[in-house]
Amino acid sequence: MAAETLKQKTAKGLFWGLVNNGTQQLLNLVFGIFLARLLTPADYGMVGMLSVFSFVASSLQESGFTAALANMKVVKREDYNAVFWFSVSVSFLLYWILFFSAPLIAAFYDKPELVALSRYCFLSFFISSLGIAPSAYLFRNMLVKQRTKASVVGLFISGVIGILLAYCGFSYWGIATQSLIYISVMTALVWAACPWRPTFQIDFSPLKPMIGFSSRLLFTNMFGHINNNLFSVVLGRFYSEREVGQFNQANKWNYMGYSLISGMVGSVAQPLFAQIYGEEERQTRAFRKMLRFTSLISFPAMFGLSLVAPELITIAITDKWIVSARLLQLLAINGAFVPVISIYTQFLISKGRSNVFMWNTVSVGVIQLFLSLLLYPYGIFTMVAVYVGVNIFWLFIWHYFVWREIRLSLLLAMKDICSYALISLAVMIVTYVATCSIQNIYWLALSKVALAAFLYVSVMWLSGSVTFKECLEYVWKKRR
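The present account deals with the structure reproduced in this document. (Residues numbered from 1 in each chain as written. Predicted model: local features only at pLDDT ≥ 70, side-chain atom pairs only at ≥ 80, totals over all residues. Heavy atoms only, no water.)

## A few points about the overall build of the chain
Line of reasoning, step 1. Across its full length, the chain holds 21 helices and zero strands.
Line of reasoning, step 2. Considering only residue pairs separated by 6 or more positions, the chain has 84% of its internal contacts joining residues 24 or more positions apart.
Line of reasoning, step 3. For the chain, the exposed area adds up to about 21,600 Å²; of that, 69% sits on carbon and sulfur atoms. (Helix = DSSP H or I, 4+ residues; strand = E, 2+ residues; numbered from the N terminus. Contact = heavy atoms within 4.5 Å. Areas by Shrake-Rupley, 256 points an atom, 1.4 Å probe, with all protein chains shown as cover.)

Right, here's the structure in full:
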């Protein structure tokens, strides 16, 4: 009965994870189209230059305690209380450090306007610190529905305000305000959904058992954010804000694609693996099933995004962003592998191997930083291609460490992954060849999407894919 309950809870979590991330990306798409038409690449570039500082600060304030709380067998109210006050204290200190560092940041990019903008943008990570402990409570208990409502409402309100500000001529200040409003609304709604409340009995001693595990996640998350925002820093230093804006626009669309899948599976993967800790055979089955499910969705979605990128970008936000469309074609290939790699990392975290997670992420980040500094004279497309290649290659490194835990052979894992990847690739090639003669951009985009979807679903059905049919059965039951 316990296994059946856990299975139902996981399915429910995946469903609400899909609703959450799907709705978010739909709203991001709609609001993003309006904003991209109203704003310029330079506007996006100004905010993009600051993103790495906000992400690193956010990692410091969270310090890996969300995953640490999810891994604990028993969590007390005092544990959440300690995490809450730690996050708020660190965020308060970090904000003032960055506040007084704003002139140095502006000098690094040679953009005096960044002094005031950075001080305004950095308020968002302090506000978000108030929601870390309540969000960790919802995450541990797989209350995905509650987190869905908070993020969707926050995104809708902030998107409307962002468009109004852009329309009124606030340029990059509108983008910064949109982010600030989103964080504020989501934090307030997470508080409303969480039954736990902090007390003023401040005691950091409950953090001691978590420090070893969470500190490694802290460094990992910091390097991960640096890695993800690497090009914004390198481009901001060596190229114009327009080029930074083109890359950030492509990266934004890529993120909207892969985060739909990685966010859905990430909402349940670590808590699921943690709840069956010590049951190696059961963990192996769960891991492979999550791997197949993720590959089933990720590869056709992201390869498809790469296929239609030129038409999608031109139709949605005009051809002034055509450079970002070509960058998106490369980034989407990497995006197809991101959710798959996320399953590996979530599994290792659930096994308490935050040290493995840390050193792998640090290694990838250092290699990519070195290669970016080495290759920037050859242009952004060369840098992105190498970035994609390194990330895909590192999947084999991640697998080695999972193999050490559950002895899952590389052959079986590649069978689970590559069957969907190769079918998706073949479908996209056939679709490209079949539609290349179509001249009208609207018919071309529609034909690519319709034909690729039809071919992929047909192959899945005819091949008798168990994972595909299980998904159809669950959706049918949900509709009934």
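## Brief notes about a nonpolar patch on the surface
Line of reasoning, step 1. A contiguous nonpolar patch, built from V153, F156, I157, V160, L164 and L189 and spanning about 470 Å² of accessible area, is present on the exposed surface.
Line of reasoning, step 2. In terms of residues, the nonpolar patch owes the most to one element, helix α9 (residues 144–167), which gives five residues.
Line of reasoning, step 3. The topology assignment puts I157 in helix α9. (Patch = residues over 30% accessible without salt bridge, like charges linked within 9 Å, V, L, I, M, F, W, Y side chains within 5 Å. Salt bridge = Lys/Arg side-chain N within 4 Å of Asp/Glu carboxyl O.)

## Digging into the packing of aromatic side chains
Aromatic rings considered in pairs are described by the distance between their centres and by the relative angle of their planes.
Line of reasoning, step 1. Tallying each qualifying case throughout the model produces 23 aromatic pairs.
Line of reasoning, step 2. Linked through ring pairs, Y80, F84, W85, Y137, W191, W196 and F200 together constitute an aromatic cluster.
Line of reasoning, step 3. Stacked on the ring of F99, the Lys or Arg R119 has its end atom at 4.1 Å from the ring centre.
Line of reasoning, step 4. Of note, K469 hangs over the ring of W461, and the distance from its end group to the ring centre comes to 4.8 Å. (Phe/Tyr/Trp six-rings, centres within 6.5 Å; stacked < 30°, edge-to-face > 60°. Lys NZ or Arg CZ within 6 Å of the ring centre and 35° of its normal.)

## Brief notes about the nonpolar core
Line of reasoning, step 1. One finds F287, L291, F299, Y344, L395 and I417 to be the most contacted residues of the largest nonpolar core, which totals 68 residues.
Line of reasoning, step 2. Within the residue set of this core, elements represented by two or more residues are α13 (241–266), α14 (269–275), α15 (280–317), α16 (322–350), α17 (354–375), α18 (380–406), α19 (410–435) and α20 (441–462).
Line of reasoning, step 3. If you tally residues by element for this core, the top one is α15, at 16 residues.
Line of reasoning, step 4. Those residues in contact with F287 that sit more than four places away from it in its chain are F273, I343, Y344, F347, V402, I406 and L408.
Line of reasoning, step 5. Of all hydrophobic cores here, the second largest spans 29 residues; its members include L27, L35, I105 and I163. (Core = buried A, V, L, I, M, F, W, Y, C linked by side-chain atoms within 4.5 Å. Buried < 20%, exposed > 50% of the residue type's maximum accessible area, 1.4 Å probe, protein only.)

## Regarding the environment of T314
Line of reasoning, step 1. Along the chain, T314 turns up in helix α15.
Line of reasoning, step 2. Taking the C-alpha atoms as reference, T314 lies 8.7 Å from I441; in sequence the two are 127 residues apart.
Line of reasoning, step 3. With residues up to four places along the chain from it excluded, the contact list for T314 reads D319, I322 and I441.
Line of reasoning, step 4. In this structure the side chain of T314 is engaged in a polar contact, spanning 2.7 Å, whose partner is the backbone oxygen of P310. (Polar contact = N/O pair within 3.5 Å; in protein donor to acceptor, adjacent residues only side chain to side chain.)

## Here we look at the pattern of salt bridges
Once their charged atoms are close, side chains differing in charge can pair, the charge on each being opposite to the other.
Line of reasoning, step 1. Taken as a whole and assessed by the stated rule, the structure comprises five salt bridges.
Line of reasoning, step 2. For D416, the salt bridge identified is with R292, shortest N-O distance 3.6 Å. Of this pair, D416 sits in helix α19 while R292 sits in helix α15, placing them 124 residues apart in sequence.
Line of reasoning, step 3. When its relative accessible area of 3% is taken as the criterion, D416 is described as buried.
Line of reasoning, step 4. The class of R292 is partly exposed, set by a relative accessible area of 23%.
Line of reasoning, step 5. What you see here is one network of salt bridges that share partners, running through R288, R292 and D416.

## Some details on the side chain of S424
Line of reasoning, step 1. Looking at the element boundaries, S424 is found in helix α19.
Line of reasoning, step 2. Sequence-distant contacts of S424, that is, excluding residues within four places in its chain, are made with F299, P300, F303 and Y456.

## So, α18
Line of reasoning, step 1. In this model α18 runs 40 Å from its N-terminal to its C-terminal C-alpha over 27 residues, within 8% of the 39 Å that 1.5 Å per residue would give.
Line of reasoning, step 2. R407 lies just past α18 and shows a positive phi near 55 degrees. (Expected span 1.5 Å × (residues − 1).)

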